[in-house]
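So the chains spell out like this:
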Amino acid sequence: MLKGKAIFITATDTGVGKTITVYVISILLKALGYSVGIMKPVQCGGNDAKFLKALNPFYAPEPLSPHLAFRRSKIKFDKRRVQECLKKLCSRHDIVLVEGAGGLMVPLTKGYYNADLIADLKAEVIIVGRLGLGTINHSLLTINEAQRRGLKILGLVFCETKPGRRGLPESTNPQEIERLSGVKVLGIIPYLKPLNRKNILRRCRDLKLNV
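Residues numbered from 1 in each chain as written. Predicted model: local features only at pLDDT ≥ 70, side-chain atom pairs only at ≥ 80, totals over all residues. Heavy atoms only, no water.

(A) The arrangement of the packing of helix H4 (residues 79–90) against helix H5 (residues 114–121) in detail. The contact between H4 and H5 brings their axes to 10 Å, and the two run at 45°. When the interaxial angle is binned, H4 and H5 end up oblique. Crossing geometry of H4 relative to H5 is assigned as right-handed. Where H4 abuts H5, its residues Lys79, Val82, Gln83 and Leu86 lie against Leu117, Asp120 and Leu121. Taken together, the residues that form the contact of H4 with H5 break down as 4 nonpolar, 1 polar and 2 charged. (Axes fitted to C-alpha atoms, helices over the stretch in contact; angles between N-to-C directions. Helix = DSSP H or I, 4+ residues; strand = E, 2+ residues; numbered from the N terminus. Parallel < 35°, antiparallel > 145°, perpendicular 65-115°, else oblique. Left-handed = near helix turned anticlockwise from the far one by under 90°. Contact = heavy atoms within 4.5 Å. Nonpolar A, V, L, I, M, F, W, Y, C, P; charged D, E, K, R; others polar.)

Shown next as structure tokens:
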């Protein structure tokens, strides 16, 4: 493993479990002996960055799309600052997990999207999606756009953010998306309560982290 591999965690939609996925993957990688850094370049409202103890170059207090939140807070987004923060973390860790704000096509500033930031960071991508109805469409659209832009996709993770029984869509969607897209499903993160290291190692050990 080379020092400083960057993996960008993006999603098919908002609220599908990116932060939980970053936390779970970090715990599993550390258990495998990797040194893991975490950063969230853009945070608009909420406390995700505090929860992950993330390096957070750009913060706006309102829970809005970054381009709007930054405009209202008079913050000028600068990708070079993000690149510098990532470079610093990459010098200290084997793997750096970068949590994006929303999906690939969320604008960070005028004409500049998460997908552009991923390319500029030279990061590989893990896509997080929900299990239920609608995820086939959202997942395939995200995969297609990432591939169109030449981004390297490491795989898909599906995350259960709420408790409940899995129906037929939840049981079959991951395999169908893998079949249709050719992109590997790394696994499913079940609803986790409590969300702690012991429970993660017990219930998520089958996640295939081909990093």
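(B) Molecular detail of the nonpolar core. If you look at the biggest cluster of nonpolar residues, it comprises 38 residues, and the most contacted ones within it are Met39, Phe77, Leu86, Leu117, Leu121 and Leu156. A total of 5 residues in this core trace back to one element, the largest contributor, which is H4. Once residues lying within four places of it in the same chain are set aside, the contact partners of Leu121 are Phe8, Val82, Gln83, Leu86 and Val98. Counting residues in hydrophobic clusters, the runner-up holds 26 residues, among them Ile9, Leu28, Leu29 and Leu186. (Core = buried A, V, L, I, M, F, W, Y, C linked by side-chain atoms within 4.5 Å. Buried < 20%, exposed > 50% of the residue type's maximum accessible area, 1.4 Å probe, protein only.)

(C) Broad picture of helix H6 (residues 135–148). With 14 residues, H6 extends 20 Å between its outermost C-alpha atoms, agreeing within 8% with the 20 Å of an ideal straight helix rising 1.5 Å per residue. What H6 keeps buried is the set Thr135, Ser139, Thr142, Ile143, Glu145 and Ala146. Down the axis of H6, the smallest arc covering the buried residues is 165°, so these residues share one side. Facing away from the buried side of H6, by more than 90 degrees, are the exposed residues Leu141 and Arg148. The inward-facing, buried residues of H6 contact strand S1 (5–11), strand S8 (124–129), strand S9 (153–159) and helix H7 (168–181). Of the residues one or two after H6, Gly150 is the one with positive phi, at around 80°. (Expected span 1.5 Å × (residues − 1). Arc of directions from axis to C-beta.)

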